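These are the residues of each chain, in order.
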Amino acid sequence: MNTLTSFKAVYCSGCFISDPALIPAMALLFEKVYLPRNIEIVKEFAKRYRIRTSDEKTYSDEVHIQGQDEASTIDPFADLSSEERETACRYIAFAHRVIYPNSRLFPDIFETELFPNGSPLKVELIRKGKPGSKNLYRVGPQSMTMVGDDEETFPRLLKEGYVPVITQVRPSSQIAKGLDRASAKQLAGILGMASVSMFFPGTRAAHPEVILEARERLKDHLPPFWSTMLKLTTALEKQIAESATPSQLVLEAKDIVDTTVRPAVIDLIDKMEKERRNFFYRMLSSVQRGLRLMVGNPPMTQQQLLTNALVIGSDVAMTAAGQMRAIEALKEQSGLTYLIKLQEMTKEAQSPNKRSQRTLGPRRAKRR
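Now for a quick tour of the structure. Counting restarts for each chain: residues are numbered from 1 in the order of the written sequence. The predicted origin of the model limits local features to residues at a pLDDT of at least 70 and limits the giving and counting of side-chain atom pairs to 80 or more, whereas totals for whole chains, interfaces and linings rest on all residues. Side-chain numbers here rest on the full set of heavy atoms in the structure, without hydrogens or water.

Helix and strand definitions here come from DSSP, where helices need a minimum of 4 consecutive H or I residues and strands a minimum of 2 consecutive E residues; each element is numbered from the N-terminal end. Scanning the protein from terminus to terminus reveals 12 helices and 7 strands. Only protein chains enter the accessibility calculation, which uses a 1.4 Å probe; a residue whose area is less than 20% of its type maximum is buried, one above 50% is exposed, and one in between is partly exposed. Of all 368 residues assigned to the protein, the portion counted as buried reaches 42%. Considering only contacts in the protein between residues 6 or more positions apart, those separated by 24 or more positions represent 78%. Contact definition: two residues touch when any of their heavy atoms are within 4.5 Å.

The following block contains the structure:
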């Protein structure tokens, strides 16, 4: 992608993506998304929030923490209360549960140092096949590796032009130091994600293959979309104070999307549908006029019939061509075409045939 029209992002809330709709939103909008591995983010999250579950499971028993040196006995959560420690363990467990099903998006889109080679999958050779046959591998989840006292990663990424992606979950104080004032690119990113999230309900995650297909098919529409989002940042800047919190930024962005972007998309789709209907009416009208002329004339020779048929066909073709140009011009007049194409793709992906093709079972040992 051209560096002028592409954006890279760093997800400021750590490696746990609480809202499934954020995954397709970030993957579709940004060339790369960096997930940090700083354990201080986990600790600060545990001190401020709680992750509620419907079961009574104790996640502290599920998450096994081990130092880089196997002999190390340092506990990174030693200064947390029992309730905070449980939240920290839930954070790590849930982060893994979100990342693993989306492993297809790593490391090409989501980049991280949480795993060796940036991939959450561990591939082990079980049996080497004989000449001419396939090897048998076991594919499973990798353990996550986190670090503490990392004060260089975020400043470096921000300096390299990465857009800080924030959600209603407040970033850690370490990250917030670099977010004193929201940049235009950051505000555009917030607006863009709020716009794209309209088509991905938070209760259902999009399949990675659907995301990759949409990313490829929509890439040519992305630059004008970013242009529209950058223009909308002036409206967002007017509604926020310099001291606005991340939660306030996200809520204001959603308000602008609901009051400005959504009506514009609805209006554009409505105009396009009307233009398509007019196209068929005008084409039918041209055919009817031509038929009346042919029926009203005295008996014609074969040459006259052919000539009149060609005239009718030419009239229909001209009408069709003019109408299609009007529809295409309407579609291209706004950067919101990206959202219209995205809506078409999500409807297509949600059709029964597509859903059955996207259904995957649990990963098992497979041959290669």
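Another point: the layout of surface pockets. A cavity, in this analysis, means grid points on a 1 Å lattice covering only the protein atoms where a 1.4 Å probe fits yet has no way out; a pocket is instead an open set bounded by protein on both sides within 12 Å along at least five of seven lines, and a residue lines either one if it has an atom within 4 Å of a point. Grid points are joined across faces, edges and corners, and a volume is the space filled by probe spheres set on the points. Empty space within the largest pocket amounts to approximately 1,100 Å³. For the lining of the largest pocket, the leading source of residues is helix α3 (residues 82-99), giving 4 residues. Classifying every residue of the lining of the largest pocket gives 10 nonpolar, 10 polar and 5 charged. Three residue categories are used. Nonpolar comprises Ala, Val, Leu, Ile, Met, Phe, Trp, Tyr, Cys and Pro, charged comprises Asp, Glu, Lys and Arg, and polar comprises the others, including Gly.

Omega for the bond connecting F106 with P107 falls within 30 degrees of zero, at -5°, which places this linkage in the cis form. Here P107 is to be found in the loop between α3 and β3 (110-112). Despite not being glycine, N117 has its phi angle at roughly 65°, a positive value. Along the chain, N117 falls in the loop between β3 and β4 (121-127). N117 gets classed as exposed once you look at its relative accessible area, which sits at 76%. In this structure, D149 takes a positive phi of about 55° despite not being glycine. Summarising the element assignment, D149 is placed in the loop between β5 (136-141) and α4 (153-159).

Note on helix geometry: an α-helix contains 3.6 residues per turn, so any two residues three or four positions apart are oriented the same way. Among the 10 residues in helix α2 (residues 39-48), 7 count as buried, and that is most of the element. Those residues of α2 lying buried are I39, I41, V42, K43, E44, F45 and A46. Residue N38 occupies the N-cap position of α2, its side-chain oxygen lying 2.8 Å from the main-chain nitrogen of E40. Whenever two N or O atoms come within 3.5 Å, that pair is a polar contact, provided that in protein one can donate a hydrogen and the other can accept it, and provided that, for residues adjacent in sequence, both atoms are side-chain atoms.

Counted residue by residue, helix α1 (residues 22-29) has 8 buried out of 8 residues, so it is predominantly covered. Where α1 is concerned, the buried positions are L22, I23, P24, A25, M26, A27, L28 and L29.

Take the pairing of strand β1 (residues 8-11) next. Strand pairing follows a simple DSSP-based rule, namely that at least 2 bridges must link the two strands. Alignment of β1 against strand β2 (residues 32-35), held across 3 bridges, turns out to be parallel. Within β2, the residue paired with A9 across the bridge is V33. When the strands point away from the viewer, a crossover counts as right-handed if the route from the first strand across the helix to the second turns clockwise. Taken together, β1, α1 and β2 form a β-α-β motif whose crossover is right-handed.

Geometry only, nothing functional implied.
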